[in-house]
Amino acid sequence: MSAVPVDGARLDAEIEELARISDTPYPSVTRVLFTDTDLRARAWLTDRMRDAGLEVRVDAIGNVIGRWEGTDPAAAPVATGSHIDAIPDAGRFDGVVGVLGGLEAIRALMAAGVRPVRSVELIMFTAEEPTRFAFGCLGSRVLAGVVDDARLGRLRDADGLTLDEARAAAGVGGDVAAARLAPGDYAAFVELHIEQGPLLEAAGVPIGVVTAIAAPATLRVELSGAGGHAGAVLMRDRHDPLVAAADVIRAVDREARGSGAEDTVGTVGLLTLEPAAVNSIPRHVRLDIDIRDTDEARRDAVLERVRAAARDAAAAQGVTHREEILNADGPATSEPAVLAAIEEACAEAGLPAMRMVSRAYHDCVFMARICPAAMVFIPSRDGISHRPDEYSSPQEIADGVRVLAGALRRLAG
Ligand code: HGY
Ligand code: MN
Ligand code: MN
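Residues numbered from 1 in each chain as written. Chains lettered and ligands numbered in written order. Predicted model: local features only at pLDDT ≥ 70, side-chain atom pairs only at ≥ 80, totals over all residues. Heavy atoms only, no water.

*Asks:* Sorry, what's going on with the site of ligand 1 here?
*Replies:* Around ligand 1, a shell composed of Glu128, Glu129, Gln196, Arg292, Ala360, Tyr361 and His386 is seen. Between ligand 1 and the protein, one listed contact pairs an oxygen atom with a side-chain N or O atom of arginine 292 at 2.6 Å. Taking tyrosine 361, its main chain carries an N or O atom lying 2.8 Å from an oxygen atom of ligand 1. A per-class count over the shell around ligand 1 returns 2 nonpolar, 2 polar and 3 charged. (Near = heavy atom within 4 Å. Polar contact = N/O pair within 3.5 Å; in protein donor to acceptor, adjacent residues only side chain to side chain. Nonpolar A, V, L, I, M, F, W, Y, C, P; charged D, E, K, R; others polar.)

*Asks:* What exactly am I supposed to notice about the coordination of the manganese ion (ligand 3) here?
*Replies:* For a metal bound by four donors in tetrahedral geometry, the ideal donor-metal-donor angle is 109.5 degrees, whereas six donors in octahedral geometry ideally sit at 90 or 180 degrees. Around the manganese ion (ligand 3), the protein contributes the donor atoms His83 (NE2), Asp94 (OD) and His193 (NE2), which lie 2.1 to 2.3 Å from the metal centre. Spacing between the donor residues of the manganese ion (ligand 3) along their common chain follows H-x10-D-x98-H. If you look at the manganese ion (ligand 3) and the manganese ion (ligand 2), they sit 3.6 Å from each other and are both ligated by aspartate 94. Of this pair, histidine 83 sits in the loop between β4 (78–82) and β5 (86–90) while histidine 193 sits in strand β7 (residues 188–194), and the two are 110 residues apart along the sequence. The exposure class of histidine 83 is buried, given its relative accessible area of 0%. Judged by relative accessible area, which is 1%, histidine 193 ranks as buried. (Donors = N, O, S within 2.8 Å, 3.2 Å for Na, K, Ca; no water. Helix = DSSP H or I, 4+ residues; strand = E, 2+ residues; numbered from the N terminus. Buried < 20%, exposed > 50% of the residue type's maximum accessible area, 1.4 Å probe, protein only.)

*Asks:* Explain the coordination of the manganese ion (ligand 2) here, please?
*Replies:* Ligation of the manganese ion (ligand 2) by protein atoms is provided by Asp94 (OD), Glu129 (OE) and His386 (NE2), these donors lying 2.0 to 2.2 Å from the ion. Written as a sequence motif, the donor arrangement for the manganese ion (ligand 2) is D-x34-E-x256-H.

*Asks:* Even after reading the chapter, I still don't get the sheet that holds strand β11 (residues 265–274), so can you show me in this structure?
*Replies:* Each strand in a sheet pairs with another by means of backbone hydrogen bonds, the pair being arranged parallel or else antiparallel. The sheet built from 4 strands is open, its strands ordered β11-β13-β9-β14 with antiparallel pairing. Every interior strand has two partners, whereas the edge strands, β11 and β14 (320–328), have only one. Between one strand axis and the next, the sheet turns by 15° as a mean value, whatever way the strands run. Bridge count for strand β9 (residues 215–224) against strand β13 (residues 284–293) is 10 bridges, and the pairing is antiparallel. Paired with valine 221 across the bridge in β13 is leucine 287. (Pairing = 2+ DSSP bridges. Axes fitted to C-alpha atoms, helices over the stretch in contact; angles between N-to-C directions.)

*Asks:* Whenever I open this one, the domain arrangement of the protein confuses me. Can you help?
*Replies:* In many reports, interface size means the accessible area that the parts give up when they come together. Here the protein is described as being made up of domain 1 (8–214 + 331–412) and domain 2 (215–328). Relative placement of domain 1 and domain 2: their C-alpha centres are 32 Å apart. On the side of domain 2, 13 residues touch domain 1, which itself brings 12 residues to the contact. Both sides together, the interface formed by domain 1 and domain 2 hides about 970 Å², and carbon and sulfur atoms give 52% of it. When the area that domain 1 buries against domain 2 is broken down by residue, the three leading residues are Ala214, Pro331 and Arg359, summing to 47%. In this structure, the connection of domain 1 to domain 2 is made through 2 salt bridges. With its nearest N and O atoms 3.9 Å apart, the salt bridge here joins glutamate 262 to arginine 359. Here domain 1 and domain 2 share 2 residue pairs in polar contact (both at pLDDT 80 or more) between them. The class makeup of the residues in the side of domain 1 that touches domain 2 is 8 nonpolar, no polar and 4 charged. (Domains from an automatic or database assignment. Contact = heavy atoms within 4.5 Å. Buried area = accessible area lost by both parts, 1.4 Å probe. Salt bridge = Lys/Arg side-chain N within 4 Å of Asp/Glu carboxyl O.)

*Asks:* Please explain the side chain of threonine 218 as it appears in this structure.
*Replies:* Counting through the fold element by element, threonine 218 comes out in strand β9. By relative accessible area, threonine 218 is classed as buried at 17%. Of note is the side chain of threonine 218, whose polar atom sits 2.5 Å from the side chain of asparagine 327. With near-sequence residues (within four places) excluded, threonine 218 lies in contact with Ile289, Glu324, Ile325, Leu326 and Asn327.

*Asks:* Would you mind showing me how to read the environment of alanine 169 here?
*Replies:* Position of alanine 169 among the secondary structure elements: in helix α6 (residues 163–169). On a C-alpha basis, the gap between alanine 169 and phenylalanine 34 in space is 8.1 Å, while along the polypeptide they are 135 residues apart.

*Asks:* What is the right way to look at the pattern of salt bridges in this model?
*Replies:* In a structure, side chains of opposite charge can pair up when their charged atoms sit close to one another. Counted under the stated rule, the structure contains 33 salt bridges. For arginine 292, the salt bridge goes to aspartate 290, with nearest N and O atoms at 2.8 Å. Judged by relative accessible area, arginine 292 falls into the buried class, the value being 16%. In this structure, arginine 307 and glutamate 323 form a salt bridge, with 2.4 Å as the shortest nitrogen-oxygen distance. Of this pair, arginine 307 sits in helix α9 (residues 296–317) while glutamate 323 sits in strand β14, placing them 16 residues apart in sequence. Classification of arginine 307 as buried rests on a relative accessible area of 19%. Put simply, Asp7, Arg10, Glu14, Glu104 and Arg107 are held in one network by salt bridges that share partners.

*Asks:* For this particular structure, what's the right way to read the packing of aromatic side chains?
*Replies:* For any pair of aromatic rings, the description rests on two quantities: the centre-to-centre distance and the angle between the ring planes. Throughout the structure, instances matching the rule amount to 2 aromatic pairs. Taken together, a centroid distance of 5.8 Å and an interplanar angle of 85° make the contact between phenylalanine 93 and tyrosine 391 edge-to-face. You can see phenylalanine 93 sitting in the loop between β5 and α3 (96–111) and its partner tyrosine 391 sitting in the loop between β17 (373–378) and α12 (394–411), a full 298 residues away along the chain. Residue classification places phenylalanine 93 among the buried positions, given a relative accessible area of 1%. Looking at tyrosine 391, the relative accessible area reads 26%, which means it is partly exposed. Ring geometry for phenylalanine 125 and phenylalanine 189: centres 5.7 Å apart, planes at 80°, overall edge-to-face. One end of the pair, phenylalanine 125, is in the loop between β6 (120–124) and α4 (138–144); the other, phenylalanine 189, is in strand β7, and 64 residues separate them in sequence. Just above the ring of tryptophan 44 sits the side chain of arginine 48; from NZ or CZ to the centre is 5.1 Å. One cation-aromatic arrangement involves arginine 141 over phenylalanine 135; the distance from NZ or CZ to the ring centre is 4.4 Å. (Phe/Tyr/Trp six-rings, centres within 6.5 Å; stacked < 30°, edge-to-face > 60°. Lys NZ or Arg CZ within 6 Å of the ring centre and 35° of its normal.)

Okay, here's the thing in structure tokens:
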């Protein structure tokens, strides 16, 4: 088999077009779950899928799924896909390369006259990013059946809206529990994604073959104190939750650096403060803390030390402390047969490849819970992502699509 030709110009134009459906000006992309912008992007994508001849359906959590019927419709399909939602002020390639690149891989196979035995499904997963409900990979978690109704019922956005209210407002109906897939519903899953790190570019290698995905966890810590007048309350009488939070932030950095392995990372990316007035002592502080590691036990050990540090910091300041583990997921391991299909596709396309671990999480973490799965990475310029200057070249993207098409062709028979 030879690699199928890919229409890189059309794909590049589509990526640039989708990038402008955003709540922040190009090249910044902001596209948060079920906002008007997200709905416009979803509608635009659905049109692209239908233009390609895919049968499109939307499940109860809002996953958008395009199906290319195979010669054996009863056989479990092969799936590919990723996400098009974007955290605030991010880039135009994160997730999008896997959705539009997946669409292009299917169009390229169609144009080459390939007739897959297994149907091929392209999935745009709902809310891979945690922005709206502080819970990432919402769509793929539901498909994998790893989140229960009680946890979904507890989700609230910044305005206090529930997931069901947000779904209803977005016109997404149905029973979420019924969206859950059974193991075997898919024969395989392959996700194309930008690396979001510097390794491929540094190695001068165009393709990454992802063997594992690091284990993500999010800890929420809420600290509360009496607050009061910034001028009138003497220092000896203060109980300031923001001072306690400063100790927590230092602890996250210290414990992640001190884990004994460079694979441990810790970040406080979200801090909210009330009443947030220059002349008022903070009353409530909320920190969402992201801790990850390729080794789950080491991640959990760091998580426990951060939790203890937060309790100590609260006690030292005389403020109250509440915590919640928003998610603590295991790592994902790729399936050898899927890795082999990817590597054969690389050889066929004449593209050098290197095996690597993903430090970012992806919907593939949860798809790997219910079917054989793996990922294909392409380089990120300077390793930059989650920034407007995130960039992968049309050539790098087309190379990734060629490999994805070759892998899908093998997996779909
Ligand atoms: O945070 C992540 O790893 C992904 O980009 N949502
Ligand atoms: Mn992301
Ligand atoms: Mn992503």
